[in-house]
Every structure is written in structure tokens, then in C-alpha cells.
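Working through the structure, step by step
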Amino acid sequence: GGVLRPVLGDQLTRGLASLRDLDAARDTVLMAEVMAECTYVPHHPRKIVLVLAAMRQFAAALAAEGVRVRYVTLDDPDNTGTLTGEVSRAAAALAPARVVATEPGEWRVQEAMQGWGEAAGCPVDIRADTRFIAARDDFARWAHGRKTLRMELFYRQMRRRTGLLMTADGAPEGGRWNLDAENRKPPPPGARAFPLPPSFPPDETTRAVMDLVAARFGTHFGDMAGFDLPVTAAQAETALERFIAARLPRFGDLQDAMVDDAPYLFHAVLSPALNIGLLDPLDVCRRAEAAWHAGAAPLNAVEGFIRQILGWREYVRGLYWHKMPGYRDTNALDARRPLPAFFWTGETPMRCLAQAIGQTRRLAYAHHIQRLMVIGNFALLAGLDPTAVNAWYMVVYADAFEWVELPNTHGMALFADGGVVASKPYAASAKYIQRMSTYCDGCRYDPGRRSGPGACPYNVLYWTFLERHRDRFARNPRMAMIYRTLDRLDPAERVAMAEQAAAFLDGLDRDAWPAAPGGQ
Ligand code: FAD
Ligand code: SF4
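Residues numbered from 1 in each chain as written. Chains lettered and ligands numbered in written order. Predicted model: local features only at pLDDT ≥ 70, side-chain atom pairs only at ≥ 80, totals over all residues. Heavy atoms only, no water.

Turning next to the pattern of salt bridges. In total, this model carries 34 salt bridges according to the counting rule given. Arg159 is the salt-bridge partner of Glu303, the closest N and O atoms lying 3.9 Å from each other. Taken together, the residues span a long stretch of sequence, with Glu303 in helix H13 (residues 299–323) and Arg159 in helix H7 (residues 151–162) at a distance of 144 residues. Arg159 shares its class with Glu303; the two are buried. Its salt-bridge partner being Glu402, residue Arg328 comes within 3.3 Å of it at the nearest N-O pair. Placement of the pair is Arg328 in the loop between H13 and helix H14 (342–345) and Glu402 in helix H18 (residues 402–413), with a sequence separation of 74 residues. Glu402 sits in the buried class, given a relative accessible area of 13%. A single network of salt bridges, built from pairs that share partners, joins Arg5, Asp21, Asp27, Arg98, Asp125 and Arg127. (Salt bridge = Lys/Arg side-chain N within 4 Å of Asp/Glu carboxyl O. Helix = DSSP H or I, 4+ residues; strand = E, 2+ residues; numbered from the N terminus. Buried < 20%, exposed > 50% of the residue type's maximum accessible area, 1.4 Å probe, protein only.)

Take a look at the structure:
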């Protein structure tokens, strides 16, 4: 026969490398909902619904084009439960001349793919994933011989290569590469209403998936009610258009702000669609650039947005493949503490965490600063075990795929890679959260107190974190000023903070709940 073309749940792109030369008369596309992928961590039900519903929609669109699709549902009695098992079963049924696949996003799946030749009994051709703007080799070439692998330099090269926001004579538009200095505004007083991303209520296909997910994965962390993410390329296109028209113009100003009960602010909420293939990253960047050329959005917003995709997203993907498999096993700050129970319940008097984790539970979404400066910062300061924290982030976000999640969590938030991603730890006291959010109003704790009754745990933990890691960080020029401040604190207060931190951390340990609900 023809060619067997397996398509994974995050490869839902018609222009996928392995579908390029699809011959509808002879080939078969294989898509399989397998238990192993649904449960290697007990994902948030919203994320499972997203992937399975989008897979079914994609298969239906291919079939409507006249493509033969072998689609294996999760509840098919013959389903072997693994991708390799399904490749083997399909090959036995169809006797293909060869298998053509696109390289996967995750190390775990790549390892499985290496066994597909044997499973299928025919040659397997694995193609590079051309949806990324930088190929894995491009990153490796860029990284070769460099002492540090900072995103900012990688990003400049990507700007030059694509010409995005570049003048005809090769300079960055606006004269600067990075306009972040304009993107750190605190929330404007009284602002509570923001234009919401469009909602895509579930159709019959999605509703069937929701029933399946409720029956099989109902014990997992997170709510499914109100699921309304885009699950087709057309819906994702609508979401992109609406973002560019209604939220991109103000994306920059409030990129780092956090407001009570406003989970999205001016963020794109496009990562789930991007990561499963419903949107093309380069196209998204070009569309944002066009909005700037048309005068519909200011440069600080458009540059900031493009940097997240052309810079950060491509950078973390390159770094992941450059550093795996060893990357996830480092623990540079020797952090060992198990996860406290409130990571799974959201119940804590620390309002910032209750808000960020509460919305994560409801929506499988939090924006970057909530992930980094509220939840990640807490995990860093409290010395939570990176393996447990990485697993938590993989479980709870609809956009979590290891290639993007791991460098962000392990590297950027936890500094567990010893400073590959970040030149200094993203550690901050309550002062940062107070300035950038509305959370501290009405919190039981006082963000202005470093010790004593009511002192915010972020403060107590922050100063003791710096003390604990003095040998590593005191000589870092970007941290010298912080250490000078620490050294000027009253010695009695330093002792009080150390004691208070120890008591607080003891309390966390007594209330630990490291395993994810519904995990096996
Ligand atoms: P916007 O703020 O509107 O940004 C636009 C787009 O830029 C996003 O859709 C995303 O594709 C991209 N982007 C922005 N920041 C990053 C980044 N740091 N790395 C890679 N791409 C980025 N993103 C994921 O897609 N999956 C994850 O599992 C994930 N885990 C994270 C864990 C931690 C601890 C941190 C600090 C960040 C994580 N991020 C992750 C990055 C970022 O927080 C999300 O991409 C973003 O919040 C998605 O929401 P949005 O579409 O509204 O983003
Ligand atoms: Fe969070 Fe502290 Fe502010 Fe409370 S006071 S919301 S715990 S930063």
C-alpha cells in the first residue's frame, strides 16, 4: 500500500510537514486518542477536552476533503492505549509501504517514535516540524560555542532573519530591539472591565468529548464547565482577529499587571491554539506587525507581543531540544520541599495565590506574570522541589506541553537549571505584587511588613531566600544592590525573619499534598 501518516494531538495543522505530499487516493492518516497521553500526568480536564475535541474536528475536516482517516477513539475496545500500539495495529491492518511522521514536541514521544519502525515493520520517515520559525538545528548552530544562551540575542537574530519589525536598512523599527521599559505599568485604578476573548460554546462533537472526559478523568484537578476554547482553525482565526482588533493595542501597557477576577486582561489567550497547531506562529507575528503598519496598535504592544512568540516561544523550544534529556534533572538550588496542599485546592489566605490558583483551576489559564511572579516566585522562595513543581505546571494549564512548559518552569521560574534561561532568579518580595496587582487590598497579610504579626510570607521568604543563597548570588552584579539592602537590615529583624520563615515552612510541610488528584 500507500503511506501511513500518523498525526499527533498537537499537530493539527493542514500544512504539517508529513501531510505535504499526502495522496488521498492511496494514503491513510492515523489519529488515536490514547490513554498513555491522557494520563502521563493527570491533565486538567479542560486540556484533555481541548486536545481530543480539536483532534476529532481535524479528522472530520480531512475526511470532508476525501482523505482516508483511521481514527481511534479513547473508548474503542481495541485501543491499545499507546501511540506505538496504534501504529502497530494500523500497520498490521493496512500494510503500508512506509510511515511518514512529523517530529514530536516532546522528548518522551520522540523516544516512543524511535520504536515505530519495529512496530510497523516498514521504514519510518520522520520530518522536521516546519511550523517552528527556527529549526532545531538553527538553534543548535546559534548556541554553538556561546557561553550564555540568552533569549534577547537569539531574538535579535530571529528579527533579522524574518525581517519582522525591521527597517529596510536592517535596524529595529523604533530604534530599539526591546520596548519592555514601556510595558510594566501597574493596573490603572478602578479598571475592572476588560474586553473578553471570544467564546466558542461546545458543539455536538465537543460535548461528546466532555462526557467522555467527565467519565474517565473526572477526578483530575480542574473544572470543565464553561469550556469555550477554539477547537478548529477557523475558530482560532476568529480568536486571533478579535485579539488584534480589541486587545493588542493595549497588550503592552498592562502586560505585567494583575487585577482581581480579571484573568485575561489584554492577553491573547492564544497559546492553546498555537501549541496544538490551529494557528501558525509566523503568521500570527506578521498579522500583529501589519496592525502596527496600519496604525491600529502601538509599537510597544506589537514588539512586546512578537517578542513573546518569535523570541520566547522559539527560544524555549530550541533550548529544550538542545538540553534534553538532562535538563529536567538539575536542581541547582537544592530545593526539596513537597507541594503544599493549596496548590491543589487554591485555599490559602495569601490572596494573590488564591486568585492565581483559583482561576487556574476554573480556566486552565493564568497569564505570564501570575505563573512567574505569583506562583513560580512562591515556589522558588519556599524551595519547592522542581520535579513536583514542573509536574504541577504540566497538569494545570491547557497550553502545557513539555517543550514550552519545562524551560519556563524549571529554568525561568525556579532557577533549577542554575541560570541557563535567567541571568538572575525571578525572586521578588511582596512589594512587586503590591505594585503590579490589586491582590494585596483585602489580604490578611501586610505587604509592607517584613516580619512580625501579619508580615507577608513573600517578604519573610524573600529575605531568607537571599540569605540562604548568598554564596551563589551575592557576587552577581545585578543583585549587588539587593544584598546591600539585606545587609543594612537590623540584625534582630533578620533573626526574626529567619525564625518566622522556618515556622511558616514547617506549616507548609505539615500540610503537604504532593501528588496530583486523579494521578496513578
Ligand atoms: P500572551 O501573554 O498574550 O503572549 C502571546 C503568546 O506568546 C502566547 O500565546 C505564547 O504562545 C507566547 N509566549 C508568551 N510568553 C511565552 C514564554 N515565556 N514562553 C513561550 N511562549 C510564550 N506557555 C505555554 O504555552 N505553555 C506552558 O506550559 C507554559 N508554562 C509556563 C510556566 C511558567 C512558570 C511560566 C512563567 C510561563 C509559562 N508559559 C507557558 C509562558 C506563558 O506564560 C504563556 O505562554 C502565556 O501565559 C499564554 O497566554 P497568552 O496566550 O494569553 O499569552
Ligand atoms: Fe500576596 Fe502578600 Fe499581597 Fe497577600 S499581602 S496578596 S500574600 S503579596
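Another point: the site of ligand 1. As a matter of local geometry, ligand 1 sits amid 28 residues, with His267, Ala268, Val269, Tyr365 and Asp399 nearest to it. Note that an oxygen atom of ligand 1 is positioned 2.6 Å from one of the backbone N or O atoms of Val269. Within the side chain of Tyr365, an N or O atom sits 2.6 Å from an oxygen atom of ligand 1. Notes on ligand 1: free accessible area 810 Å², of which the protein chains cover 99%. The dominant element in the shell around ligand 1, judged by the number of residues it contributes, is H18, at six residues. Residues lining the shell around ligand 1 come from more than one domain, with at least three contributed by each of domain 2 (136–198 + 232–323) and domain 3 (342–510). (Near = heavy atom within 4 Å. Polar contact = N/O pair within 3.5 Å; in protein donor to acceptor, adjacent residues only side chain to side chain. Areas by Shrake-Rupley, 256 points an atom, 1.4 Å probe, with all protein chains shown as cover. Domains from an automatic or database assignment.)

Here Arg317 is to be found in helix H13. A relative accessible area of 3% places Arg317 in the buried class. Those residues within four positions of Arg317 in sequence are excluded, and the remaining contacts are Glu103, Asp129, Phe132, Ala134, Ala135, Arg136 and Trp403. (Contact = heavy atoms within 4.5 Å.)

Take the site of ligand 2 next. In the vicinity of ligand 2, the contacting residues are Met350, Arg351, Cys352, Ala430, Ile433, Tyr439, Cys440, Cys443, Tyr445, Pro447, Cys456 and Tyr458. Secondary structure elements with two or more residues in the shell around ligand 2: helix H15 (351–363) and helix H19 (430–436). Classifying every residue of the shell around ligand 2 gives eleven nonpolar, no polar and one charged. (Nonpolar A, V, L, I, M, F, W, Y, C, P; charged D, E, K, R; others polar.)

Once that is clear, we can look at the sheet that holds strand S2 (residues 28–32). Strand order in this open sheet of five strands is S3-S2-S1-S4-S5, and the pairing throughout is parallel. Looking at which strands have only one partner, the edges of the open sheet turn out to be strand S3 (68–72) and strand S5 (124–127). Sheet twist, expressed as the average angle between the axes of neighbouring strands with direction ignored, equals 25°. Bridge analysis of S2 against S3 gives five bridges, and the strand direction is parallel. Note on S3: the bridge partner recorded for Val29 is Val69. In the packing of helix H2 (residues 45–64) onto the sheet, the strands contacted are S2 and S3, and the crossing angle to S3 comes to about 155°. (Pairing = 2+ DSSP bridges. Axes fitted to C-alpha atoms, helices over the stretch in contact; angles between N-to-C directions.)

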